Structure formats: structure tokens, C-alpha cells
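# Summary of structural features
One letter stands for each residue in the lines below.
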Amino acid sequence: MAAAAQARKIPSWLKSVKGLLLDINGVLYDNGPAGSMAIQGSVDAVNRLKGSKFPVKFCTNETQLDRNKLVTRLEGLGFQGINSSDLVCPAPLLADQLTEEKMRPFLLVHPDVVSEFEKLEKQAPNCVVIGDAAEHGFTYERLNETFNLLLSMSIPRIYCMGFGRYYKETDGMKLDVGSYARALEYACDVKAEIIGKPMAKFFQTAIDELKMTPADVLMVGDDLKSDVGGAQKVGMKGVQVRTGKFRPADEKSTEITADCHVDNLYEIVDMVLTNRA
């Protein structure tokens, strides 16, 4: 590995990295009809980070699983030493916010994330929470029900967990929650409040959990806009992996320029651990 590291062009800022934020979908694994598949090198990368006790948080917009189910999936794929406290996810943060604001949500979410909202009152809803409900919620009937509910509210409010346009599974690209949230925004003439990437508050929560500053932390993801662009706006460096939803056009973007591109998670983890101060 040392020879490989020497052959790479090492960014000058790499030695200042003291902690990592890692996306999950498209970086650690891909989903698909046949189940989840770990991306080449990702298991070794995470296990190496954990073995070296390098500070890391998993900063994800995952809203098809609650934290316990997500940890179980990761363990099943071979990722070691990850527990729910390592995860920074929109659902539990939003549940806390809704409790403070005394909101009663109508949940347009995946069944496997409902448990994150179990303590909230849901009778006579005064807001809508939308996550990646996939085929369980993104049907015409369910979306139309949500639309009519919003129209009936005196002050309609939409909380959207993440705002991705699409994501990649093993059988191709899939529309993400942001695409459906946009439709509801347009139909109801209301702006959704986003909880998750690319919002600065979400990144700052993860940084605070590491007890570091943005300049200390590197974000690694497959989404140029939500992962890289969002991280850069709060003062972090952002690395895009050529896995998941990555497309070659991302490296030519004039809107957002990643601080570095790597073939997979293992490559950047090897660079960080080999060249740390």
C-alpha cells in the first residue's frame, strides 16, 4: 500500500485531516432487488479506520431504515464496530425537532423508519414528514392524500429528510425524496424545510459530535451536490468517490469542484491513514 500511496498525487491539505464523515449508500454499499452489496474495498476501509481508532462518523440521508436496522445491515455486510451512536441520520434529529416544536406529523416515509417517530403524537396532523418511502409511499394515491392534507392545513408545513434528486441501486438509478418533495412544494405553494444533507446544520451536527472544527474534517461521498458541495459550504474538504451515483460528468462540473476524486472509499482511507500528521 505504501508504494501505491507514493504513486498517487497527495493533496497538500491531507495531513490536516483529523476526522472523517462518510456517506453510506453508494460509498459503503449499493442496494438492489437481490439485497445490499458492499462496494469493493469499503469493508476493509471501514474496518481499518475502526482498528486504527481514527475518528469517523457516518453522515447519511438514509431514511429507509431506522438506526438499529441500519447497523444490522452493515454488520451483515462485514462492517465491524459500528453502532448507532456512529450514525448521523435525519430521522432522529427531525423527531427531536418536532417534539420541541409540538408538531404532529403525517408520515410519508418508509415503514422501516417509522420507529424513529414512535414517541410523537400523530392525531390531527399539522405537518407532513417526507422521507424515501420508495414503493411503499410514492404512489399516486398516497401522494394525492398528502397533497390534500396539506391543502387542508391553515399553515401547511413540509419537513423533508434529505433532498436528493436520485440515487443508484444495482439495477439502475432511482428517483429520490427531493423529486417528490418538489412536486408537493409546487402543488401546495409551500417550501419544505430540509433536514439532512446538504444543509449546513446537519453537517455541523456531525462535526460537533466529532468535537472538531470544519477545517479538521473531510467528507467522503458519491453525491457531488449534497455530499461534496454541502460539505464545502461549511468549510470542510469534500472528496467524491467514483462509486454509487457518481457520473464522469461530475469531474467536469463548473458548479461544484470536488477537492479530490478517488476510485473508492479504500483509496481515500489509505491516503488519510498513510499521510496523517
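This section reports on the structure supplied with the text. (Residues numbered from 1 in each chain as written. Predicted model: local features only at pLDDT ≥ 70, side-chain atom pairs only at ≥ 80, totals over all residues. Heavy atoms only, no water.)

Let us look at the overall build of the chain. Counting its secondary structure elements, the chain contains 9 helices and 14 strands. The C-alpha radius of gyration computed for the chain amounts to 19 Å, which stays within 12% of the reference 19 Å derived for 277 residues, consistent with globular compactness. Of all 277 residues assigned to the chain, the portion counted as buried reaches 55%. Pairs at least 24 apart in sequence give 66% of the contacts found in the chain among residues at least 6 apart. For the chain, the accessible surface area stands at approximately 13,000 Å², while carbon and sulfur atoms represent 51% of it. (Helix = DSSP H or I, 4+ residues; strand = E, 2+ residues; numbered from the N terminus. Rg over C-alpha atoms; globule rule 2.2 N^0.38 Å. Buried < 20%, exposed > 50% of the residue type's maximum accessible area, 1.4 Å probe, protein only. Contact = heavy atoms within 4.5 Å. Areas by Shrake-Rupley, 256 points an atom, 1.4 Å probe, with all protein chains shown as cover.)

Here we take up the side chain of Gln-240. With respect to the secondary-structure elements, Gln-240 resides in strand E13 (residues 237–241). Separated by 3.1 Å, the side chain of Gln-240 and the backbone oxygen of Asp-222 make a polar contact. Among all residues touching Gln-240, those that are not within four sequence positions of it are Gly-221, Asp-222, Asp-223, Leu-224, Val-228, Phe-246, Asp-250, Ala-258, Cys-260, His-261 and Val-262. (Polar contact = N/O pair within 3.5 Å; in protein donor to acceptor, adjacent residues only side chain to side chain.)

Looking now at the nonpolar core. Counting residues in hydrophobic clusters, the biggest one holds 37 residues, and the most contacted among them are Leu-20, Leu-28, Leu-265 and Ile-268. Those elements giving two or more residues to this core turn out to be strand E1 (19–22), helix H2 (42–52), strand E4 (56–59), helix H3 (67–76), strand E12 (217–221), E13, strand E14 (260–262) and helix H9 (265–275). For this core, the leading source of residues is H9, giving 7 residues. Residues in contact with Leu-265, not counting those within four places in the same chain, are Leu-22, Val-27, Leu-28, Ser-42, Ala-45, Val-46, Val-220 and Val-241. Among the nonpolar cores identified, the runner-up in size contains 19 residues, and Leu-108, Cys-160, Phe-163 and Ala-192 belong to it. (Core = buried A, V, L, I, M, F, W, Y, C linked by side-chain atoms within 4.5 Å.)

Below, the discussion takes up the packing of H2 against H9. Taken N-terminus to C-terminus, the directions of H2 and H9 make an angle of 25°; their axes are 8 Å apart at the nearest point. In this view, H2 runs roughly parallel relative to H9, as classed from their interaxial angle. For the crossing formed where H2 meets H9, the hand is left-handed. Taking contact as the criterion, the partners of Ser-42, Asp-44, Ala-45, Val-46, Arg-48, Leu-49 and Ser-52 in H2 are, on H9, Leu-265, Tyr-266, Val-269, Asp-270, Leu-273 and Thr-274. Classifying every residue of the contact of H2 with H9 gives 7 nonpolar, 3 polar and 3 charged. (Axes fitted to C-alpha atoms, helices over the stretch in contact; angles between N-to-C directions. Parallel < 35°, antiparallel > 145°, perpendicular 65-115°, else oblique. Left-handed = near helix turned anticlockwise from the far one by under 90°. Nonpolar A, V, L, I, M, F, W, Y, C, P; charged D, E, K, R; others polar.)

A few words now on a positive patch on the surface. The grouping of Arg-165, Lys-225, Lys-233 and Arg-247 at the surface amounts to a positive patch. Position of Lys-233 among the secondary structure elements: in helix H8 (residues 224–233). By relative accessible area, which is 76% here, Lys-233 ends up exposed. (Patch = residues over 30% accessible without salt bridge, like charges linked within 9 Å, V, L, I, M, F, W, Y side chains within 5 Å. Salt bridge = Lys/Arg side-chain N within 4 Å of Asp/Glu carboxyl O. Lys, Arg positive; Asp, Glu negative; His and termini not counted. Charge placed at Lys NZ, Arg CZ, Asp CG, Glu CD.)

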